[in-house]
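# Observations on chain architecture
Chain residues, written in single-letter form:
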Amino acid sequence: MASKTNDNVILCIGAGYVGGPTMAVIADKCPEIKVIVADINPERINAWNSDKLPIYEPGLDAVVKRARNRNLFFTTDVAASVREAGLIFVSVNTPTKTFGIGAGKAADLQYWEKTARFIVEHAESDKIVIEKSTLPVRTAEAMHRILQSNSKGLNFEVLSNPEFMAEGTAIEDLEKPDRVLIGGMETASGRAALEKLASVYAHWVPQDRILRTNVWSSELSKLVANAMLAQRVSSINSISMLCEKTDADITEVSKAVGMDSRVGSKFLKAGVGFGGSCFKKDILNMVYLCEHYNLPEVAAYWEQVIKMNDCQERNFVNKIISNMFNTVAGKKIAIFGFAFKADTGDTREAPAIYVSKWLLDEKAELAIFDPEALPSAKKDLEGCKGKIEYVNDPYEAVKGAHAIALITDWKLFKSLDYDKIFSLMEKPSFIFDGRNILDHEALYKKGFNVFPLGKHSLTHLE
Ligand code: UDX
Ligand code: ADP
(Lines give C-alpha, C1' and ligand atoms only; values in the text may rest on other atoms or scores of the structure.)
(Ligands and ions follow the chains in the order given, each with its own letter.)
Protein backbone atom coordinates (compact mmCIF):
# COMPACT_ATOMS: atom_id res chain seq x y z
CA MET A 1 0.00 0.00 0.00
CA ALA A 2 1.49 3.33 -1.05
CA SER A 3 2.11 5.80 1.73
CA LYS A 4 1.61 9.54 1.36
CA THR A 5 4.36 11.90 0.31
CA ASN A 6 6.28 13.74 2.98
CA ASP A 7 6.09 17.27 1.64
CA ASN A 8 8.13 18.63 4.49
CA VAL A 9 11.23 16.87 3.27
CA ILE A 10 12.81 18.06 0.04
CA LEU A 11 15.69 16.24 -1.61
CA CYS A 12 17.96 17.39 -4.39
CA ILE A 13 19.95 14.73 -6.23
CA GLY A 14 23.13 16.36 -7.55
CA ALA A 15 25.17 18.80 -5.44
CA GLY A 16 26.61 20.91 -8.24
CA TYR A 17 26.55 24.58 -9.23
CA VAL A 18 22.76 24.47 -9.54
CA GLY A 19 21.68 21.99 -6.86
CA GLY A 20 23.88 23.31 -4.02
CA PRO A 21 23.03 27.02 -4.05
CA THR A 22 19.35 26.45 -4.95
CA MET A 23 18.77 24.10 -2.04
CA ALA A 24 20.74 26.29 0.36
CA VAL A 25 18.40 29.20 -0.40
CA ILE A 26 15.26 27.02 -0.09
CA ALA A 27 16.49 25.77 3.31
CA ASP A 28 17.35 29.29 4.40
CA LYS A 29 13.93 30.65 3.43
CA CYS A 30 11.86 27.68 4.69
CA PRO A 31 13.21 26.73 8.13
CA GLU A 32 10.34 24.29 8.79
CA ILE A 33 11.23 22.21 5.72
CA LYS A 34 14.04 19.64 5.89
CA VAL A 35 16.24 19.99 2.81
CA ILE A 36 18.67 17.22 1.84
CA VAL A 37 21.27 17.50 -0.90
CA ALA A 38 22.60 14.10 -1.99
CA ASP A 39 25.38 13.28 -4.41
CA ILE A 40 27.26 10.13 -5.33
CA ASN A 41 30.54 12.04 -5.21
CA PRO A 42 31.84 11.84 -1.59
CA GLU A 43 34.49 14.52 -2.16
CA ARG A 44 31.81 17.01 -3.17
CA ILE A 45 29.64 16.15 -0.18
CA ASN A 46 32.59 16.39 2.22
CA ALA A 47 33.36 19.81 0.80
CA TRP A 48 29.73 20.95 1.23
CA ASN A 49 30.02 19.85 4.87
CA SER A 50 33.32 21.70 5.39
CA ASP A 51 34.41 25.34 5.66
CA LYS A 52 35.71 25.31 2.08
CA LEU A 53 32.62 24.80 -0.10
CA PRO A 54 33.19 23.06 -3.45
CA ILE A 55 32.09 26.11 -5.44
CA TYR A 56 32.90 29.78 -5.14
CA GLU A 57 29.81 31.94 -5.17
CA PRO A 58 29.50 35.33 -3.43
CA GLY A 59 27.13 35.12 -0.44
CA LEU A 60 26.85 31.32 -0.55
CA ASP A 61 28.98 30.66 2.55
CA ALA A 62 26.72 32.75 4.77
CA VAL A 63 23.52 31.07 3.54
CA VAL A 64 24.99 27.57 3.95
CA LYS A 65 26.32 28.39 7.43
CA ARG A 66 22.91 29.60 8.57
CA ALA A 67 21.02 26.52 7.42
CA ARG A 68 23.53 23.65 7.52
CA ASN A 69 22.74 20.98 10.10
CA ARG A 70 19.66 23.01 11.08
CA ASN A 71 17.41 22.03 8.17
CA LEU A 72 19.99 21.66 5.39
CA PHE A 73 21.91 18.39 5.12
CA PHE A 74 24.49 17.12 2.63
CA THR A 75 24.84 13.35 2.24
CA THR A 76 26.03 10.56 -0.03
CA ASP A 77 23.19 8.32 1.12
CA VAL A 78 20.99 8.94 -1.89
CA ALA A 79 18.78 5.88 -1.29
CA ALA A 80 17.78 6.79 2.27
CA SER A 81 17.15 10.37 1.15
CA VAL A 82 14.85 9.17 -1.64
CA ARG A 83 12.84 7.15 0.88
CA GLU A 84 12.49 10.14 3.17
CA ALA A 85 11.62 12.97 0.77
CA GLY A 86 8.28 13.84 -0.82
CA LEU A 87 9.65 16.34 -3.33
CA ILE A 88 12.77 15.33 -5.25
CA PHE A 89 14.67 17.82 -7.39
CA VAL A 90 16.96 16.20 -9.93
CA SER A 91 19.99 18.28 -10.75
CA VAL A 92 22.48 15.79 -12.14
CA ASN A 93 24.76 16.48 -15.10
CA THR A 94 23.25 16.63 -18.57
CA PRO A 95 26.32 17.11 -20.77
CA THR A 96 26.24 17.17 -24.55
CA LYS A 97 26.35 13.66 -26.00
CA THR A 98 29.77 12.64 -27.23
CA PHE A 99 28.71 9.39 -28.89
CA GLY A 100 26.00 7.83 -31.06
CA ILE A 101 22.89 9.54 -32.39
CA GLY A 102 22.94 13.28 -31.78
CA ALA A 103 26.63 13.26 -30.78
CA GLY A 104 27.90 16.82 -30.31
CA LYS A 105 24.41 18.27 -30.04
CA ALA A 106 21.81 16.28 -28.12
CA ALA A 107 21.89 16.09 -24.33
CA ASP A 108 23.32 12.95 -22.78
CA LEU A 109 20.47 11.78 -20.60
CA GLN A 110 22.12 8.72 -19.09
CA TYR A 111 22.62 10.29 -15.65
CA TRP A 112 19.06 11.54 -15.64
CA GLU A 113 17.58 8.20 -16.61
CA LYS A 114 19.74 6.35 -14.08
CA THR A 115 18.50 8.73 -11.42
CA ALA A 116 14.86 8.17 -12.42
CA ARG A 117 15.34 4.39 -12.19
CA PHE A 118 17.11 4.81 -8.87
CA ILE A 119 14.15 6.77 -7.51
CA VAL A 120 11.74 4.04 -8.64
CA GLU A 121 13.90 1.38 -7.01
CA HIS A 122 14.13 3.05 -3.62
CA ALA A 123 10.83 4.92 -3.28
CA GLU A 124 8.39 3.61 -0.72
CA SER A 125 5.84 6.41 -1.09
CA ASP A 126 4.44 8.72 -3.79
CA LYS A 127 6.89 11.36 -5.00
CA ILE A 128 6.93 14.60 -6.91
CA VAL A 129 10.00 14.56 -9.14
CA ILE A 130 11.21 17.95 -10.34
CA GLU A 131 13.52 18.55 -13.31
CA LYS A 132 16.02 21.16 -12.24
CA SER A 133 18.77 20.39 -14.75
CA THR A 134 18.11 21.84 -18.19
CA LEU A 135 16.68 19.07 -20.28
CA PRO A 136 15.50 18.66 -23.83
CA VAL A 137 11.82 19.26 -24.44
CA ARG A 138 9.65 16.22 -23.71
CA THR A 139 12.08 14.67 -21.21
CA ALA A 140 9.48 14.98 -18.48
CA GLU A 141 7.17 12.77 -20.50
CA ALA A 142 9.82 10.07 -20.86
CA MET A 143 10.70 10.31 -17.18
CA HIS A 144 7.07 10.08 -16.21
CA ARG A 145 6.80 6.82 -18.16
CA ILE A 146 9.87 5.34 -16.46
CA LEU A 147 8.64 6.37 -13.02
CA GLN A 148 5.07 5.21 -13.57
CA SER A 149 6.24 1.83 -14.85
CA ASN A 150 6.91 0.82 -11.23
CA SER A 151 5.20 -2.25 -9.88
CA LYS A 152 4.87 -0.85 -6.36
CA GLY A 153 1.59 0.97 -6.99
CA LEU A 154 3.26 4.32 -6.37
CA ASN A 155 2.26 7.56 -8.07
CA PHE A 156 4.94 9.90 -9.42
CA GLU A 157 4.29 13.41 -10.66
CA VAL A 158 6.90 15.09 -12.82
CA LEU A 159 7.36 18.86 -12.84
CA SER A 160 9.73 21.06 -14.78
CA ASN A 161 11.23 23.88 -12.73
CA PRO A 162 14.22 25.26 -14.65
CA GLU A 163 16.73 27.41 -12.85
CA PHE A 164 17.51 30.86 -14.27
CA MET A 165 20.20 31.93 -11.82
CA ALA A 166 23.55 32.98 -13.21
CA GLU A 167 26.85 32.06 -11.60
CA GLY A 168 28.48 34.87 -9.64
CA THR A 169 25.06 36.31 -8.77
CA ALA A 170 23.37 33.00 -7.88
CA ILE A 171 22.32 33.92 -4.35
CA GLU A 172 20.89 37.30 -5.40
CA ASP A 173 19.10 35.68 -8.36
CA LEU A 174 17.67 32.93 -6.14
CA GLU A 175 16.56 35.29 -3.40
CA LYS A 176 15.00 37.82 -5.77
CA PRO A 177 14.19 35.96 -8.97
CA ASP A 178 12.67 37.76 -11.98
CA ARG A 179 10.36 34.76 -12.13
CA VAL A 180 10.07 31.16 -10.97
CA LEU A 181 8.80 28.90 -13.72
CA ILE A 182 6.96 25.68 -12.93
CA GLY A 183 5.58 23.40 -15.61
CA GLY A 184 3.20 20.62 -14.69
CA MET A 185 1.09 17.93 -16.30
CA GLU A 186 -2.42 19.07 -17.14
CA THR A 187 -4.18 16.61 -14.86
CA ALA A 188 -5.74 17.12 -11.43
CA SER A 189 -2.80 15.42 -9.70
CA GLY A 190 -0.34 17.30 -11.91
CA ARG A 191 -1.90 20.62 -10.93
CA ALA A 192 -1.85 19.64 -7.26
CA ALA A 193 1.85 18.76 -7.48
CA LEU A 194 2.57 22.08 -9.15
CA GLU A 195 0.80 23.96 -6.36
CA LYS A 196 2.79 22.05 -3.74
CA LEU A 197 6.03 23.23 -5.28
CA ALA A 198 4.64 26.74 -5.78
CA SER A 199 3.85 26.87 -2.05
CA VAL A 200 7.54 26.28 -1.28
CA TYR A 201 8.62 29.24 -3.42
CA ALA A 202 5.75 31.34 -2.03
CA HIS A 203 7.74 31.54 1.23
CA TRP A 204 9.74 34.34 -0.38
CA VAL A 205 8.67 34.86 -4.02
CA PRO A 206 5.58 37.02 -4.74
CA GLN A 207 2.76 35.03 -6.37
CA ASP A 208 2.78 37.11 -9.56
CA ARG A 209 6.37 36.01 -10.17
CA ILE A 210 5.53 32.32 -9.95
CA LEU A 211 4.62 31.31 -13.49
CA ARG A 212 2.61 28.16 -14.00
CA THR A 213 2.75 26.58 -17.45
CA ASN A 214 2.47 23.20 -19.05
CA VAL A 215 5.55 21.01 -18.86
CA TRP A 216 6.61 21.50 -22.47
CA SER A 217 6.46 25.30 -22.32
CA SER A 218 8.57 25.27 -19.19
CA GLU A 219 11.22 22.98 -20.69
CA LEU A 220 11.37 24.97 -23.92
CA SER A 221 11.39 28.37 -22.18
CA LYS A 222 14.63 27.49 -20.41
CA LEU A 223 16.36 26.64 -23.68
CA VAL A 224 14.98 29.74 -25.39
CA ALA A 225 15.93 32.07 -22.53
CA ASN A 226 19.54 30.93 -22.72
CA ALA A 227 19.57 30.95 -26.52
CA MET A 228 18.25 34.54 -26.61
CA LEU A 229 20.82 35.72 -24.05
CA ALA A 230 23.65 34.04 -25.94
CA GLN A 231 22.32 35.46 -29.20
CA ARG A 232 22.58 39.00 -27.79
CA VAL A 233 26.21 38.39 -26.83
CA SER A 234 27.03 36.95 -30.27
CA SER A 235 25.22 39.84 -31.96
CA ILE A 236 27.21 42.49 -30.12
CA ASN A 237 30.43 40.51 -30.58
CA SER A 238 29.83 40.36 -34.32
CA ILE A 239 29.46 44.15 -34.33
CA SER A 240 32.70 44.50 -32.34
CA MET A 241 34.50 42.96 -35.31
CA LEU A 242 32.90 45.51 -37.60
CA CYS A 243 33.89 48.31 -35.20
CA GLU A 244 37.53 47.22 -35.34
CA LYS A 245 37.46 47.65 -39.12
CA THR A 246 35.84 51.09 -38.98
CA ASP A 247 36.16 54.07 -36.67
CA ALA A 248 33.18 53.02 -34.59
CA ASP A 249 33.56 52.19 -30.91
CA ILE A 250 31.66 49.14 -29.58
CA THR A 251 31.03 50.71 -26.15
CA GLU A 252 29.39 53.73 -27.80
CA VAL A 253 27.38 51.59 -30.22
CA SER A 254 26.28 49.29 -27.44
CA LYS A 255 25.12 52.22 -25.31
CA ALA A 256 23.31 53.89 -28.19
CA VAL A 257 21.49 50.70 -29.14
CA GLY A 258 20.77 49.58 -25.57
CA MET A 259 19.15 52.89 -24.61
CA ASP A 260 16.24 51.97 -26.85
CA SER A 261 13.89 50.57 -24.23
CA ARG A 262 12.69 47.98 -26.74
CA VAL A 263 16.22 46.56 -26.93
CA GLY A 264 17.41 47.15 -23.35
CA SER A 265 20.96 47.64 -22.16
CA LYS A 266 21.77 44.30 -20.51
CA PHE A 267 23.80 41.56 -22.17
CA LEU A 268 25.27 43.90 -24.77
CA LYS A 269 28.84 43.85 -23.49
CA ALA A 270 31.23 42.74 -26.18
CA GLY A 271 33.85 40.32 -24.95
CA VAL A 272 36.14 37.52 -25.93
CA GLY A 273 33.13 35.18 -26.16
CA PHE A 274 30.54 33.60 -23.90
CA GLY A 275 31.33 30.55 -21.83
CA GLY A 276 29.62 28.65 -19.05
CA SER A 277 27.93 25.32 -18.82
CA CYS A 278 24.61 26.43 -20.31
CA PHE A 279 24.69 28.63 -23.37
CA LYS A 280 26.46 26.37 -25.83
CA LYS A 281 24.87 23.19 -24.53
CA ASP A 282 21.36 24.58 -24.58
CA ILE A 283 21.67 26.04 -28.06
CA LEU A 284 23.05 22.75 -29.38
CA ASN A 285 20.12 21.06 -27.76
CA MET A 286 17.71 23.38 -29.52
CA VAL A 287 19.52 22.92 -32.82
CA TYR A 288 19.17 19.17 -32.42
CA LEU A 289 15.47 19.52 -31.67
CA CYS A 290 14.93 21.71 -34.74
CA GLU A 291 16.77 19.21 -36.94
CA HIS A 292 14.74 16.39 -35.45
CA TYR A 293 11.50 18.21 -36.29
CA ASN A 294 12.77 19.01 -39.81
CA LEU A 295 13.23 22.74 -39.32
CA PRO A 296 16.68 23.15 -40.95
CA GLU A 297 16.50 26.96 -41.31
CA VAL A 298 15.63 27.38 -37.65
CA ALA A 299 18.47 25.02 -36.69
CA ALA A 300 20.98 26.93 -38.85
CA TYR A 301 19.82 30.28 -37.43
CA TRP A 302 20.62 29.25 -33.85
CA GLU A 303 23.77 27.32 -34.73
CA GLN A 304 25.19 30.57 -36.10
CA VAL A 305 25.16 31.99 -32.55
CA ILE A 306 27.75 29.37 -31.57
CA LYS A 307 29.78 29.78 -34.76
CA MET A 308 29.99 33.52 -34.10
CA ASN A 309 31.22 32.79 -30.57
CA ASP A 310 33.94 30.44 -31.85
CA CYS A 311 34.93 33.10 -34.36
CA GLN A 312 35.19 35.77 -31.65
CA GLU A 313 37.49 33.59 -29.53
CA ARG A 314 39.68 32.84 -32.53
CA ASN A 315 39.72 36.51 -33.50
CA PHE A 316 41.12 37.48 -30.11
CA VAL A 317 44.03 35.10 -30.57
CA ASN A 318 44.62 36.25 -34.14
CA LYS A 319 44.75 39.83 -32.90
CA ILE A 320 47.37 38.93 -30.29
CA ILE A 321 49.56 37.16 -32.82
CA SER A 322 49.29 39.69 -35.63
CA ASN A 323 50.06 42.63 -33.35
CA MET A 324 53.03 40.91 -31.72
CA PHE A 325 54.90 40.92 -35.03
CA ASN A 326 53.20 37.71 -36.22
CA THR A 327 54.85 35.44 -33.69
CA VAL A 328 54.37 34.57 -30.04
CA ALA A 329 56.78 31.62 -30.07
CA GLY A 330 58.93 31.66 -26.93
CA LYS A 331 57.17 34.79 -25.64
CA LYS A 332 55.60 34.79 -22.19
CA ILE A 333 51.97 35.86 -22.11
CA ALA A 334 50.21 36.55 -18.82
CA ILE A 335 46.64 35.28 -18.88
CA PHE A 336 44.51 37.50 -16.64
CA GLY A 337 41.52 35.43 -15.62
CA PHE A 338 40.54 31.90 -16.57
CA ALA A 339 36.95 31.56 -15.23
CA PHE A 340 34.22 31.97 -17.83
CA LYS A 341 33.10 35.15 -16.07
CA ALA A 342 33.95 37.09 -12.94
CA ASP A 343 32.97 35.94 -9.45
CA THR A 344 33.07 32.23 -10.15
CA GLY A 345 35.71 29.51 -10.12
CA ASP A 346 33.88 27.71 -12.92
CA THR A 347 35.77 27.26 -16.18
CA ARG A 348 33.30 25.16 -18.15
CA GLU A 349 33.43 26.29 -21.80
CA ALA A 350 35.55 29.26 -20.69
CA PRO A 351 37.01 31.21 -23.65
CA ALA A 352 40.32 31.10 -21.75
CA ILE A 353 40.60 27.37 -22.45
CA TYR A 354 40.49 27.85 -26.21
CA VAL A 355 42.61 30.99 -26.19
CA SER A 356 45.27 29.27 -24.06
CA LYS A 357 45.35 26.16 -26.23
CA TRP A 358 45.72 28.16 -29.44
CA LEU A 359 48.48 30.29 -27.91
CA LEU A 360 50.27 27.13 -26.76
CA ASP A 361 49.95 25.74 -30.31
CA GLU A 362 51.81 28.90 -31.40
CA LYS A 363 54.48 28.01 -28.82
CA ALA A 364 53.74 30.90 -26.49
CA GLU A 365 54.62 30.42 -22.79
CA LEU A 366 51.71 31.08 -20.46
CA ALA A 367 51.51 32.39 -16.89
CA ILE A 368 47.92 32.05 -15.75
CA PHE A 369 46.46 34.06 -12.91
CA ASP A 370 42.90 33.76 -11.64
CA PRO A 371 41.72 34.41 -8.07
CA GLU A 372 39.40 31.36 -7.98
CA ALA A 373 39.78 29.20 -11.06
CA LEU A 374 43.38 27.94 -11.00
CA PRO A 375 42.52 24.36 -9.88
CA SER A 376 40.02 24.01 -12.74
CA ALA A 377 42.41 25.69 -15.19
CA LYS A 378 45.05 23.06 -14.38
CA LYS A 379 42.57 20.28 -15.16
CA ASP A 380 41.42 21.98 -18.38
CA LEU A 381 44.97 22.29 -19.72
CA GLU A 382 46.18 18.90 -18.50
CA GLY A 383 48.19 17.18 -21.22
CA CYS A 384 48.77 20.38 -23.22
CA LYS A 385 52.29 20.68 -24.54
CA GLY A 386 54.29 23.80 -23.70
CA LYS A 387 55.29 25.88 -20.73
CA ILE A 388 52.42 26.83 -18.41
CA GLU A 389 52.76 28.42 -14.97
CA TYR A 390 49.79 28.80 -12.62
CA VAL A 391 50.36 31.71 -10.27
CA ASN A 392 48.45 33.18 -7.35
CA ASP A 393 49.79 36.68 -7.84
CA PRO A 394 49.17 38.86 -10.91
CA TYR A 395 52.55 40.61 -10.46
CA GLU A 396 54.28 37.24 -10.57
CA ALA A 397 52.41 36.41 -13.78
CA VAL A 398 53.64 39.51 -15.61
CA LYS A 399 57.34 39.16 -14.68
CA GLY A 400 59.20 39.01 -17.98
CA ALA A 401 55.96 38.78 -19.96
CA HIS A 402 55.63 40.38 -23.38
CA ALA A 403 51.86 40.65 -23.18
CA ILE A 404 48.83 40.48 -20.94
CA ALA A 405 45.69 38.83 -22.32
CA LEU A 406 42.77 39.84 -20.11
CA ILE A 407 40.04 37.24 -20.55
CA THR A 408 37.86 37.35 -17.41
CA ASP A 409 36.19 40.52 -16.14
CA TRP A 410 37.37 40.22 -12.51
CA LYS A 411 37.05 43.65 -10.85
CA LEU A 412 40.48 43.37 -9.26
CA PHE A 413 42.15 43.79 -12.66
CA LYS A 414 41.01 47.41 -12.66
CA SER A 415 42.80 48.28 -9.44
CA LEU A 416 46.22 46.71 -10.05
CA ASP A 417 49.36 48.86 -10.03
CA TYR A 418 50.02 49.12 -13.76
CA ASP A 419 53.18 51.23 -13.27
CA LYS A 420 54.65 48.31 -11.37
CA ILE A 421 53.33 45.88 -13.98
CA PHE A 422 54.89 47.91 -16.79
CA SER A 423 58.24 47.89 -15.00
CA LEU A 424 58.12 44.09 -14.65
CA MET A 425 57.32 43.35 -18.30
CA GLU A 426 59.44 42.97 -21.44
CA LYS A 427 59.34 45.89 -23.85
CA PRO A 428 57.41 46.63 -25.96
CA SER A 429 54.61 45.66 -23.57
CA PHE A 430 51.21 44.70 -24.89
CA ILE A 431 47.81 44.56 -23.22
CA PHE A 432 44.90 42.84 -24.98
CA ASP A 433 41.79 43.74 -23.03
CA GLY A 434 39.27 41.09 -24.05
CA ARG A 435 36.59 42.57 -21.77
CA ASN A 436 37.12 46.33 -22.16
CA ILE A 437 37.35 46.85 -18.41
CA LEU A 438 40.66 48.71 -18.16
CA ASP A 439 41.41 52.42 -18.56
CA HIS A 440 42.96 52.25 -22.02
CA GLU A 441 44.12 55.88 -22.26
CA ALA A 442 45.85 55.69 -18.87
CA LEU A 443 47.63 52.46 -19.83
CA TYR A 444 48.75 53.96 -23.13
CA LYS A 445 50.21 56.94 -21.27
CA LYS A 446 52.18 54.56 -19.03
CA GLY A 447 53.83 53.13 -22.16
CA PHE A 448 51.69 50.07 -22.93
CA ASN A 449 50.50 49.18 -26.41
CA VAL A 450 46.81 48.75 -25.75
CA PHE A 451 44.42 46.61 -27.77
CA PRO A 452 40.85 46.90 -26.55
CA LEU A 453 38.00 44.99 -28.11
CA GLY A 454 35.83 46.59 -30.79
CA LYS A 455 37.57 49.93 -30.75
CA HIS A 456 40.78 51.42 -32.08
CA SER A 457 44.08 50.38 -30.55
CA LEU A 458 46.48 52.76 -28.77
CA THR A 459 50.03 51.95 -29.75
CA HIS A 460 53.47 53.51 -29.63
CA LEU A 461 54.74 51.27 -32.39
CA GLU A 462 53.71 53.18 -35.53
C1 UDX B 1 23.42 31.76 -17.85
C2 UDX B 1 22.06 32.49 -17.75
O3 UDX B 1 22.30 33.90 -17.60
C4 UDX B 1 21.25 31.96 -16.58
O5 UDX B 1 19.97 32.57 -16.58
C6 UDX B 1 21.11 30.44 -16.72
O7 UDX B 1 20.43 29.91 -15.60
C8 UDX B 1 22.49 29.78 -16.83
O9 UDX B 1 23.21 30.36 -17.93
P10 UDX B 1 25.74 31.93 -16.57
O11 UDX B 1 26.24 31.04 -17.67
O12 UDX B 1 26.04 31.57 -15.16
O13 UDX B 1 24.15 32.08 -16.67
O14 UDX B 1 26.34 33.41 -16.79
P15 UDX B 1 25.93 34.67 -17.67
O16 UDX B 1 25.98 35.85 -16.80
O17 UDX B 1 24.69 34.46 -18.43
O18 UDX B 1 27.16 34.80 -18.68
C19 UDX B 1 27.40 33.83 -19.70
C20 UDX B 1 28.58 34.24 -20.54
O21 UDX B 1 28.27 35.36 -21.36
C22 UDX B 1 29.81 34.65 -19.72
O23 UDX B 1 30.97 34.09 -20.32
C24 UDX B 1 29.82 36.15 -19.80
O25 UDX B 1 31.09 36.70 -19.66
C26 UDX B 1 29.26 36.36 -21.21
N27 UDX B 1 28.63 37.69 -21.38
C28 UDX B 1 27.51 38.02 -20.69
C29 UDX B 1 29.19 38.61 -22.28
O30 UDX B 1 30.21 38.32 -22.92
N31 UDX B 1 28.58 39.82 -22.45
C32 UDX B 1 27.45 40.18 -21.77
O33 UDX B 1 26.95 41.31 -21.99
C34 UDX B 1 26.90 39.25 -20.87
P1 ADP C 1 25.27 21.68 -12.56
O2 ADP C 1 26.16 22.81 -12.96
O3 ADP C 1 24.10 21.51 -13.51
O4 ADP C 1 24.82 21.74 -11.14
P5 ADP C 1 27.34 19.72 -12.00
O6 ADP C 1 28.04 18.88 -13.01
O7 ADP C 1 28.08 20.79 -11.28
O8 ADP C 1 26.07 20.32 -12.76
O9 ADP C 1 26.67 18.78 -10.89
C10 ADP C 1 26.01 17.61 -11.15
C11 ADP C 1 26.21 16.70 -9.93
O12 ADP C 1 25.37 15.54 -10.08
C13 ADP C 1 27.63 16.15 -9.74
O14 ADP C 1 28.12 16.52 -8.46
C15 ADP C 1 27.48 14.61 -9.86
O16 ADP C 1 28.32 13.89 -8.97
C17 ADP C 1 26.01 14.44 -9.48
N18 ADP C 1 25.41 13.17 -9.97
C19 ADP C 1 25.46 12.65 -11.21
N20 ADP C 1 24.78 11.48 -11.28
C21 ADP C 1 24.27 11.26 -10.03
C22 ADP C 1 23.47 10.24 -9.44
N23 ADP C 1 23.04 9.21 -10.17
N24 ADP C 1 23.15 10.33 -8.12
C25 ADP C 1 23.58 11.40 -7.39
N26 ADP C 1 24.34 12.40 -7.88
C27 ADP C 1 24.68 12.34 -9.18
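Notes on the structure in this doc start here. (Residues numbered from 1 in each chain as written. Chains lettered and ligands numbered in written order. Predicted model: local features only at pLDDT ≥ 70, side-chain atom pairs only at ≥ 80, totals over all residues. Heavy atoms only, no water.)

For the rest of this paragraph, the subject is the packing of helix H1 (residues 19-29) against helix H3 (residues 60-67). Contact geometry of H1 with H3 gives a least axis separation of 9 Å together with a crossing angle of 50°. Classified by the angle between their axes, H1 and H3 sit oblique to one another. Judged by the sense of rotation from one axis to the other, the crossing of H1 with H3 is left-handed. Counting all contacts with H1, which are made through Pro 21, Ala 24, Val 25, Ala 27 and Asp 28, the residues of H3 involved are Leu 60, Val 63, Val 64, Arg 66 and Ala 67. For the contact of H1 with H3, the class distribution of residues is 8 nonpolar, no polar and 2 charged. (Axes fitted to C-alpha atoms, helices over the stretch in contact; angles between N-to-C directions. Helix = DSSP H or I, 4+ residues; strand = E, 2+ residues; numbered from the N terminus. Parallel < 35°, antiparallel > 145°, perpendicular 65-115°, else oblique. Left-handed = near helix turned anticlockwise from the far one by under 90°. Contact = heavy atoms within 4.5 Å. Nonpolar A, V, L, I, M, F, W, Y, C, P; charged D, E, K, R; others polar.)

Bringing the sheet that holds strand E14 (residues 449-451) into the picture now. Strands sit in the order E11-E10-E9-E12-E13-E14 across an open sheet of 6 strands; the sheet is parallel. Of all the strands in the sheet, the pair left with one neighbour each is strand E11 (388-391) and E14. Geometrically, the sheet is characterised by an average inter-axis angle of 20° between neighbouring strands, direction not taken into account. Sheet strands touched by helix H12 (residues 296-323): strand E9 (332-336), strand E12 (403-406), strand E13 (430-433) and E14. Its angle to E13, the strand with the most contacts, is close to 165°. (Pairing = 2+ DSSP bridges.)

So, on to the pattern of salt bridges. Across all of its chains, the model carries 15 salt bridges by this definition. Glu 195 is the partner of Arg 212 in a salt bridge, and the nearest nitrogen-oxygen pair spans 2.9 Å. Pair noted here: Arg 212 is in strand E8 (residues 210-214) and Glu 195 is in helix H8 (residues 188-201), with a separation of 17 residues, a long-range link. Judged by its relative accessible area of 35%, Arg 212 falls in the partly exposed class. By relative accessible area, which is 39% here, Glu 195 ends up partly exposed. Between Lys 319 and Glu 244 there is a salt bridge, and its shortest N-O distance comes to 2.9 Å. Pair noted here: Lys 319 is in helix H12 and Glu 244 is in helix H9 (residues 215-245), with a separation of 75 residues, a long-range link. For Lys 319, a relative accessible area of 13% corresponds to the buried category. Connected via shared salt-bridge partners are Glu 167, Asp 346 and Arg 348. (Salt bridge = Lys/Arg side-chain N within 4 Å of Asp/Glu carboxyl O. Buried < 20%, exposed > 50% of the residue type's maximum accessible area, 1.4 Å probe, protein only.)

What follows covers the site of ligand 1. Around ligand 1 there are 19 residues in total, and Phe 164, Met 165, Glu 167, Lys 269 and Arg 435 lie nearest to it. Between ligand 1 and the protein, one listed contact pairs an oxygen atom with a backbone N or O atom of Met 165 at 2.8 Å. Note that an oxygen atom of ligand 1 is positioned 2.7 Å from one of the backbone N or O atoms of Glu 167. Considering ligand 1 on its own, with 650 Å² of exposed area, one finds that the protein chains cover 90% of that surface. Here the residues of the shell around ligand 1 are counted per class, giving 11 nonpolar, 2 polar and 6 charged. (Near = heavy atom within 4 Å. Polar contact = N/O pair within 3.5 Å; in protein donor to acceptor, adjacent residues only side chain to side chain. Areas by Shrake-Rupley, 256 points an atom, 1.4 Å probe, with all protein chains shown as cover.)

Right, let's get into the nonpolar core. Ranked by internal contacts, the top residues of the largest apolar core, which has 63 residues, are Ile 333, Phe 336, Leu 359, Phe 413, Tyr 418 and Ile 421. Filtering out sequence-adjacent residues up to four positions away, Phe 336 remains in contact with Phe 369, Pro 394, Val 398, Ile 404, Ala 405, Leu 406, Ile 407, Thr 408, Phe 413, Leu 416, Tyr 418 and Ile 421. Grouped together as the second largest cluster of nonpolar side chains are 43 residues, Ala 67, Leu 72, Leu 174 and Tyr 201 included. (Core = buried A, V, L, I, M, F, W, Y, C linked by side-chain atoms within 4.5 Å.)

Turning next to the site of ligand 2. What surrounds ligand 2 is a group of 14 residues, the closest being Tyr 17, Val 18, Asp 39, Arg 44 and Arg 348. Here an oxygen atom of ligand 2 sits 2.8 Å away from a polar atom, N or O, in the side chain of Arg 44.

Tallying each qualifying case throughout the model produces 16 aromatic pairs. Ring centres of Phe 274 and Phe 279 lie 5.5 Å apart, and the angle between their planes is 75°; this geometry places the pair in the edge-to-face category. In this structure, Phe 274 and Phe 279 share a single accessibility class: buried. Measuring from ring centre to ring centre gives 6.0 Å for Phe 369 and Phe 413, while their planes differ by 75°; the resulting arrangement is edge-to-face. Of this pair, Phe 369 sits in strand E10 (residues 365-369) while Phe 413 is found in the loop between E12 and helix H16 (418-424), placing the two residues 44 residues apart along the sequence. On the accessibility criterion, Phe 413 (0% relative accessible area) is buried. Its end group placed over the ring of Phe 73, Lys 34 keeps NZ or CZ at 5.5 Å from the ring centre. (Phe/Tyr/Trp six-rings, centres within 6.5 Å; stacked < 30°, edge-to-face > 60°. Lys NZ or Arg CZ within 6 Å of the ring centre and 35° of its normal.)

Attention now goes to the environment of Ala 256. Secondary-structure assignment places Ala 256 in helix H10 (residues 250-258). When the C-alpha atoms of Ala 256 and Asp 346 are compared, they prove to be 32 Å apart, with 90 residues separating the residues in sequence.

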